[in-house]
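Here is how the chains run, residue by residue.
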Amino acid sequence: HARARMANFLAILDGVAQSRPSYLSDQQPSILGYYLAVLMRWIADDFPSTDTPALHRVLASLETRPAALRCAQAEGLGPTIFTHPA
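(A) Structural context of the environment of Leu39. On the secondary structure map, Leu39 appears in helix 2 (residues 31-42). Leu39 sits in the partly exposed class, given a relative accessible area of 27%. It is 15 Å that separates the C-alpha atoms of Leu39 and Thr50, two residues lying 11 residues apart in sequence.

(B) Spotlight on the pattern of salt bridges. Evaluated as defined, the whole model comprises three salt bridges. Between Asp46 and Arg3 there is a salt bridge, with the nearest N and O atoms lying 3.4 Å from each other. You can see Asp46 sitting in the loop between helix 2 and helix 3 (53-62) and its partner Arg3 sitting in helix 1 (residues 2-18), a full 43 residues away along the chain. For Asp46, a relative accessible area of 46% gives the class partly exposed. Linking Arg57 and Asp26 is a salt bridge whose minimum nitrogen-to-oxygen distance equals 3.2 Å.

(C) Region of the structure containing the nonpolar core. The biggest cluster of nonpolar side chains holds 17 residues, and the ones touching the most others in it are Leu24, Leu55 and Phe82. Among the elements of the structure, helix 1, helix 2, helix 3 and helix 4 (66-75) are those that each provide at least two residues to this core. Broken down by element, this core gets its largest block of residues, five residues, from helix 3.

(D) Looking closely at the side chain of Thr83. Topologically, Thr83 is positioned in the segment after helix 4. Here Thr83 falls in the buried class, since its relative accessible area comes to 7%. Polar side-chain contacts of Thr83 include one of 2.7 Å to the side chain of Glu63. For Thr83, the side chain forms a polar contact with the side chain of His84, separated by 3.4 Å. The residues contacting Thr83, other than those within four sequence positions of it, are Ser49, His56, Leu59, Ala60 and Glu63.

(E) Quick peek at the packing of helix 2 against helix 3. Between helix 2 and helix 3, the shortest axis-to-axis distance is 10 Å and the interhelical angle comes to 100°. With respect to helix 3, the axis of helix 2 lies roughly perpendicular. Two secondary-structure elements touch here, helix 2 through Gly33, Tyr34, Leu36, Ala37 and Met40 and helix 3 through Leu55, Leu59 and Leu62. Considered class by class, the residues forming the contact of helix 2 with helix 3 number seven nonpolar, one polar and no charged.

(F) The arrangement of the packing of aromatic side chains in detail. Under the defined criterion, the tally for this structure stands at zero aromatic pairs. The positively charged end of Arg3 is found above the aromatic ring belonging to Phe47, 5.3 Å away from the centroid.

What counts, and where the lines are drawn
- Residues numbered from 1 in each chain as written.
- Predicted model: local features only at pLDDT ≥ 70, side-chain atom pairs only at ≥ 80, totals over all residues.
- Heavy atoms only, no water.
- Helix = DSSP H or I, 4+ residues; strand = E, 2+ residues; numbered from the N terminus.
- Buried < 20%, exposed > 50% of the residue type's maximum accessible area, 1.4 Å probe, protein only.
- Salt bridge = Lys/Arg side-chain N within 4 Å of Asp/Glu carboxyl O.
- Core = buried A, V, L, I, M, F, W, Y, C linked by side-chain atoms within 4.5 Å.
- Polar contact = N/O pair within 3.5 Å; in protein donor to acceptor, adjacent residues only side chain to side chain.
- Contact = heavy atoms within 4.5 Å.
- Axes fitted to C-alpha atoms, helices over the stretch in contact; angles between N-to-C directions.
- Parallel < 35°, antiparallel > 145°, perpendicular 65-115°, else oblique.
- Nonpolar A, V, L, I, M, F, W, Y, C, P; charged D, E, K, R; others polar.
- Phe/Tyr/Trp six-rings, centres within 6.5 Å; stacked < 30°, edge-to-face > 60°.
- Lys NZ or Arg CZ within 6 Å of the ring centre and 35° of its normal.

Quick look at the structure:
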């Protein structure tokens, strides 16, 4: 039941991200984008970001940001910390 609810929630968020609102932009990062990126990293085994293309676009953009790259390097997480976490 929880998996179905999570899949539904992610589909709703992906629909919102498709409209490219400023708070979920792949062009300008927001705290919401980073928060979702971390949450999606935690659930990536069950819900890969590729299942939600608009959110995946946001995550891919965030993981190229200098701050994210520095964090990934410091923690040894690899270059795709949000889209394909290791």
